[in-house]
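If you want the building blocks of each chain, they are given just below.
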Amino acid sequence: MGFLGEVWQVRGGDGPVGEILIDDADFPWLSGRFTAGPGYESVRELFVRELALMEPLMTQDDEEGWRRWEAAYDEIERRVTLVAPGGPVPEFLLHIEGDRAWFRWNDEPFEGGAGA
C-alpha cells in the first residue's frame, strides 16, 4: 500500500503534538514511529490513561470499563486532530505509547463511535 513512508501529524491546541512516520500498514490500521512535538506533554497522560483503560478490555467483557474508556477517548478527540498528508481526517482512533503510534481513520464518522 502507498502509506509506508508517509508522515501523519497529530495536532492540538497547545501546538504540534507530534508526527507519525508510517512503517507498517495492516489496513485499516497504520502504525509507525512517533516523534513528540512541543504540544505532546499537554496530552501525554490522556494517551497513557486511554491505553491503561483499554488493555483489560481486550480479554474481558466489561460494559462499565468500556464506558470509562470511551469517556477517556472522548477527551483525546476533543484535544487532538489527526492530519494525513492530504489534510485532516474527520474520524480516527489513535493510540500512542512511547515512540510508537497506531491508528485507523475514516473519511466519514465511524458507525457506533470510535471503537467500532
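Coordinates for the structure precede this section.
Heads up: these notes are all about the structure in this document. Fair warning: this is a prediction, and the values are worked out from it, not measured in the lab.

Turning our attention to the overall build of the protein. Along the backbone of the protein there are 2 helices and 7 strands. The secondary structure elements of the protein, listed N-terminal to C-terminal, are β-β-β-α-α-β-β-β-β. Its C-alpha atoms give the protein a radius of gyration of 14 Å, near enough to 13 Å, the size a compact globule of 116 residues would have. In terms of its C-alpha atoms, the protein occupies a principal-axis envelope of roughly 35 × 30 × 25 Å. When the 116 residues of the protein are sorted by exposure, 38% land in the buried category.

Now for the sheet that holds strand 3 (residues 29-36). Spatial strand order, 5-4-1-2-3-7-6: 7 strands in an open sheet with antiparallel pairing. Strands with a single pairing partner mark the edges of an open sheet, and in this sheet they are strand 5 (87-88) and strand 6 (91-97). Of the pairings in the sheet, the one linking strand 3 to strand 7 (residues 100-106) comprises 4 bridges and is antiparallel in character. Looking at strand 7, one finds that serine 31 is bridged to tryptophan 102. Helix 1 (residues 44-54) rests against strand 4 (80-84), strand 6 and strand 7 of the sheet, and its axis sits at about 95° to strand 6. On top of the sheet, helix 2 (residues 63-79) reaches strand 1 (7-12), strand 4 and strand 6; it is set at about 100° to strand 6, its chief contact.

This paragraph deals with helix 1. Among all positions in helix 1, only Leu46, Phe47, Glu50, Leu51, Leu53 and Met54 are buried. What you see down the axis of helix 1 is that its buried residues fit within an arc of 165°, all on one side. Elements in contact with the buried residues of helix 1: helix 2, strand 4, strand 6 and strand 7.

This paragraph deals with the pattern of salt bridges. Tallied over the entire structure, the rule returns 10 salt bridges. The residue arginine 67 makes a salt bridge to glutamate 63 at a minimum N-O spacing of 2.9 Å. Of this pair, arginine 67 and glutamate 63 both sit in helix 2, separated by 4 residues, roughly a single helical turn. Classification of arginine 67 by relative accessible area gives partly exposed; the value is 43%. Ionic pairing is found between glutamate 75 and arginine 79, a salt bridge with its closest N-O pair at 3.7 Å. Here the residue glutamate 75 and the residue arginine 79 both occupy positions in helix 2, the gap between them amounting to 4 residues, near one helical turn. On the accessibility criterion, glutamate 75 (23% relative accessible area) is partly exposed. Owing to a relative accessible area of 29%, arginine 79 belongs among the partly exposed residues under this scheme.

This brings us to the packing of aromatic side chains. Tallying each qualifying case throughout the model produces 8 aromatic pairs. Taken together, the aromatic side chains of Phe3, Trp8, Phe27, Phe103 and Trp105 make up a single cluster linked through ring pairs.

Cut-offs used in this document
- Residues numbered from 1 in each chain as written.
- Predicted model: local features only at pLDDT ≥ 70, side-chain atom pairs only at ≥ 80, totals over all residues.
- Heavy atoms only, no water.
- Helix = DSSP H or I, 4+ residues; strand = E, 2+ residues; numbered from the N terminus.
- Rg over C-alpha atoms; globule rule 2.2 N^0.38 Å.
- Buried < 20%, exposed > 50% of the residue type's maximum accessible area, 1.4 Å probe, protein only.
- Pairing = 2+ DSSP bridges.
- Contact = heavy atoms within 4.5 Å.
- Axes fitted to C-alpha atoms, helices over the stretch in contact; angles between N-to-C directions.
- Arc of directions from axis to C-beta.
- Salt bridge = Lys/Arg side-chain N within 4 Å of Asp/Glu carboxyl O.
- Phe/Tyr/Trp six-rings, centres within 6.5 Å; stacked < 30°, edge-to-face > 60°.

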